[in-house]
Amino acid sequence: MKHIIFTKIKKIFEHKAIVLMYHRVAEPESDVWELAVSPERFEQHLKVLKKIGSVVPLHQLAGSVNSHNLPKNNIAITFDDGYIDNFKIAKPLLEKYKIPATFFITSGKIENGREFWWDELEHLFLFTAHLPSVFSMVVNEHAIEFELMDESYLTEEIRQKHRLWKACAEEPPTIRARLFYKLWEHIKPLPFTEQDRYLEMIRKWAGLSLMARPDYRTMSANELQQLASDNLFTIGAHTVTHPALAHYNADIQKKEINENRKFLQEITGREINLLAYPYGNYSIETIQMASDSGFNAAFTTEEKTLLINSHIYRLGRFQVKNLTGAEFKNQLNIWRLQ
Ligand SMILES: [Zn+2]
């Protein structure tokens, strides 16, 4: 018991920092990966952070880890992927409260208006009014066969289940959700061109044409330029096509990261020195490459605080869910004790 109390007290006084990870500030119909925070709740989070008063730019935090001089309880905010709502909703709110943030941008979809494959797949299986009753496809050498039975037609009851489903915490609530999850697992590790090919085949099976909802696009080059022109904000690298990097050899990893970095530097006129691994996925080669390429720091999605001796190319972040202000404040305190 004594030991536990001592450990807890030690943790409270430890010099550590927290990096928060957001993706979208939006209210999508479903959010199975819990990537979205509503605009109203995001503002509540900012009010909590303003009161705490210790939000600093991410490069400052990374620099502190590097120089072994980490102040206590600092917090940094990050956004991944570059969704349009980051520009339309998050940017003005962050400016209103003068809170700095870093945006890790995947550049492959800038200007083409396309959705990320995971968003399209989610919408296609969870919300299409009618799907063929039998699904049969070989995906990445796995035969996937499903009978949708009476779920071929989307009822209000099924739709409601899909609206509420959280895939990280709950089993799929319907056959459609089970099929979606299985496809997601097998498509995720594939190269972008293969992902695109499977999505095209699935669209064809469903009798649908290419889906590109305006709210699901990434920022345009012009919007990105405007975002980067505010000194409150930093732009970071997040690859060209958002691959799970550990599945690829060093050359492909290097190309994905360096082309993305070069593009972002040209668009923003700023040095790009911070990197976030897509899906938080990396290998020994990724870390080596981040170091060789001269990035100042790289971030995973592993939920851990930053400490003085943290590995600078494996820094953790905490994914912020759609919490109320009070819940968010509570969650921050829990993270601080980790
Ligand atoms: Zn991402």
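About the thresholds
Residues numbered from 1 in each chain as written. Predicted model: local features only at pLDDT ≥ 70, side-chain atom pairs only at ≥ 80, totals over all residues. Heavy atoms only, no water. Helix = DSSP H or I, 4+ residues; strand = E, 2+ residues; numbered from the N terminus. Rg over C-alpha atoms; globule rule 2.2 N^0.38 Å. Buried < 20%, exposed > 50% of the residue type's maximum accessible area, 1.4 Å probe, protein only. Contact = heavy atoms within 4.5 Å. Lys, Arg positive; Asp, Glu negative; His and termini not counted. Charge placed at Lys NZ, Arg CZ, Asp CG, Glu CD. Donors = N, O, S within 2.8 Å, 3.2 Å for Na, K, Ca; no water. Polar contact = N/O pair within 3.5 Å; in protein donor to acceptor, adjacent residues only side chain to side chain. Core = buried A, V, L, I, M, F, W, Y, C linked by side-chain atoms within 4.5 Å. Domains from an automatic or database assignment. Buried area = accessible area lost by both parts, 1.4 Å probe. Salt bridge = Lys/Arg side-chain N within 4 Å of Asp/Glu carboxyl O. Phe/Tyr/Trp six-rings, centres within 6.5 Å; stacked < 30°, edge-to-face > 60°. Lys NZ or Arg CZ within 6 Å of the ring centre and 35° of its normal.

Turning to the overall build of the chain, a few remarks are in order. A count of helices and strands for the chain gives twelve helices and twelve strands. Against the globule reference of 20 Å for 338 residues, the chain gives a C-alpha radius of gyration of 21 Å, in line with a compact fold. Projected onto the principal axes, the alpha-carbon positions of the chain cover approximately 60 × 45 × 40 Å. Classification of the 338 residues of the chain by burial places 53% in the buried group. Of the contacts made within the chain by residues no fewer than 6 positions apart, 71% connect residues no fewer than 24 positions apart. Computing the positive centroid from 41 side-chain charges and the negative centroid from 42, the chain places the two 8 Å apart.

Attention now goes to the coordination of the zinc ion. Only Asp81 (OD), His238 (NE2) and His242 (NE2) from the protein coordinate the zinc ion, and they sit 2.0 to 2.2 Å from it. Spacing between the donor residues of the zinc ion along the chain follows D-x156-H-x3-H. Here Asp81 is found in strand S4 (residues 74-81), whereas its partner His242 is found in the loop between strand S8 (233-237) and helix H10 (250-268), with 161 residues between them in sequence. This pair shows no difference in class: Asp81 is buried, exactly as His242 is.

Take the side chain of Lys16 next. Tracing the backbone shows Lys16 in strand S1 (residues 16-22). For Lys16, a relative accessible area of 3% translates into the label buried. A polar side-chain atom of Lys16 sits 2.6 Å from the main-chain carbonyl oxygen of Arg336.

With that settled, the discussion passes to the nonpolar core. By size, the foremost hydrophobic cluster in this structure holds 69 residues, and its most contacted members are Leu20, Phe42, Leu49, Ile77, Phe79 and Leu94. Residues contacting Ile77, with those up to four places away along its chain left out, are Leu20, Tyr22, Leu46, Leu49, Val55, Leu94, Ile99, Pro100, Ala101 and Thr102. The next biggest cluster of nonpolar side chains, apart from the first, holds 35 residues, and it includes Leu148, Leu183, Ile187 and Leu199.

Interfaces are often described in size by the accessible area the parts lose on coming together. For the chain, the domain assignment lists domain 1 (2-112 + 216-336) and domain 2 (117-206). Its C-alpha centre places domain 1 at a distance of 29 Å from the equivalent point of domain 2. Each partner contributes to the interface: domain 1 provides 16 residues, whereas domain 2 provides 22 residues. When domain 1 packs against domain 2, close to 1,800 Å² is buried across both sides, 57% of that on carbon and sulfur atoms. By the criterion of area lost to domain 2, the three top residues of domain 1 are Glu29, Val32 and Trp33, representing 40% of everything that side buries. Here domain 1 and domain 2 share two salt bridges between them. Arg163 is the salt-bridge partner of Glu29, the closest N and O atoms lying 3.0 Å from each other. For the pair domain 1 and domain 2, the interface holds eleven residue pairs in polar contact (both at pLDDT 80 or more).

Scanning the model with the defined rule gives 21 aromatic pairs in all. Geometrically, the ring pair formed by Trp117 and Trp118 is edge-to-face, given 6.1 Å between the ring centres and 80° between the ring planes. As far as burial versus exposure is concerned, Trp117 and Trp118 are alike and both buried. When the ring of Phe318 is compared with that of Trp335, the centres are 4.7 Å apart and the planes differ by 25°; the resulting orientation is stacked. Taken together, the residues span a long stretch of sequence, with Phe318 in strand S12 (residues 318-319) and Trp335 in helix H12 (residues 325-336) at a distance of 17 residues. Counting every residue linked through ring pairs, the aromatic cluster contains Tyr22, Phe42, Phe79, Phe103 and Phe233. Across from the ring centre of Tyr216, 3.6 Å away, lies the NZ or CZ of Arg213, which sits over that ring.

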